[in-house]
Amino acid sequence: MSKVAVVYFSGYGHTAKQAEAVLAGAASVAGTEVTELRIDQEGSLPDGWMETLAAQDAIIYGSPTYMGGPAWQFKKFADASSKLWMQQGLKDKLAAGFTNSASTNGDKFSTAQYLYTLSQQHGQLWIGTGLLPSNKKSSTPEDINWSGGFAAALAISPSDASAEEAPRKGDLQTAYALGARVATFAVKLAG
């Protein structure tokens, strides 16, 4: 049995919807146990979160992109994870990430880069999406990897869209595929 945790913050519910797709993708892989760790509005996680993360085989990080970077609540978690860094508690575990913003670009790559750098600080092994982009004239937000993310799963939630309306189908399929890919590798490594 491999263990995959998804640790994320969501300010308006859009990134939570993306996280649900990541969790479902990871859970779809036989031999995988998934754990959801949602950072609250104060940037806190439930007691025991460090021990929970240290017991995982893979950790998938998620944050909305606000003003060109991760939400401060996610950054508070990342800073607190330095206690795990001191113990090398996440070293050699798999890592991946996802982010969401209102704009087509929205500087999401800055957040993806931050998530990657956090994983590298911890000595983790990063897994990208492994997906080709949907970049034809006929492509729409309903297509997988329409946002063209390689390093992380990217999603677009227009600023006037509710969490029921966005992220759209293609972005959720991309998140699902990322969760499944990370879980597949975690099962192989645990094997």
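Residue numbers restart at each chain and count upward from 1, following the sequence in its written direction. Residue-level local features of this predicted model are given only where pLDDT is at least 70; pairs of side-chain atoms are given and counted only at 80 or more, and the full residue set underlies all totals for whole chains, interfaces and linings. Only hydrogens and water are set aside; all other atoms, that is, all heavy atoms of the structure, feed into the side-chain values.

S.K.: Could you clarify how one ought to interpret the side chain of Thr 15 in this entry?
M.R.: Helix and strand assignments follow DSSP, with helices taken as H or I runs no shorter than four residues and strands as E runs no shorter than two, numbered in order from the N terminus. As for its position among the elements, Thr 15 is in helix 1 (residues 14-27). Under the relative-accessibility criterion, Thr 15 is labelled buried at 2%. Partly exposed residues are those whose accessible area sits between 20% and 50% of the maximum for their type, while under 20% is buried and over 50% is exposed, using a 1.4 Å probe and protein chains only.

S.K.: Please clarify how the packing of aromatic side chains should be interpreted in this entry.
M.R.: Two aromatic rings, taken as a pair, are described by how far apart their centres are and by the angle between their planes. Two rings from Phe, Tyr or Trp (for Trp, the six-membered ring) form a pair when their centres are within 6.5 Å of each other. A pair whose planes differ by under 30 degrees is stacked, one over 60 is edge-to-face, and the rest are tilted. Applying the stated rule across the entire model yields 7 aromatic pairs. With centroids separated by 6.2 Å and ring planes inclined at 85°, the aromatic side chains of Tyr 61 and Phe 74 adopt a geometry described as edge-to-face. Of this pair, Tyr 61 sits in strand 3 (residues 58-66) while Phe 74 is found in helix 3 (residues 72-80), placing the two residues 13 residues apart along the sequence. Residue Tyr 61 is classed as buried on the basis of its relative accessible area, which comes to 0%. Ring centres of Phe 74 and Tyr 114 lie 6.4 Å apart, and the angle between their planes is 80°; this geometry places the pair in the edge-to-face category. Residue Phe 74 is located in helix 3, and its partner Tyr 114 is located in helix 5 (residues 108-121); the two are separated by 40 residues in the primary sequence. Members of the aromatic cluster, joined through ring pairs, are Trp 49, Tyr 61, Phe 74, Phe 77 and Tyr 114. Residue placement shows Lys 188 over the ring face of Phe 185; its charged tip is 5.5 Å from the ring centre. Both a distance and an angle decide whether a charge sits over a ring: NZ of Lys or CZ of Arg must be within 6 Å of the ring centre and within 35 degrees of the ring normal.

Note that every value here comes from positions in space, so none of it alone points to a role or purpose.
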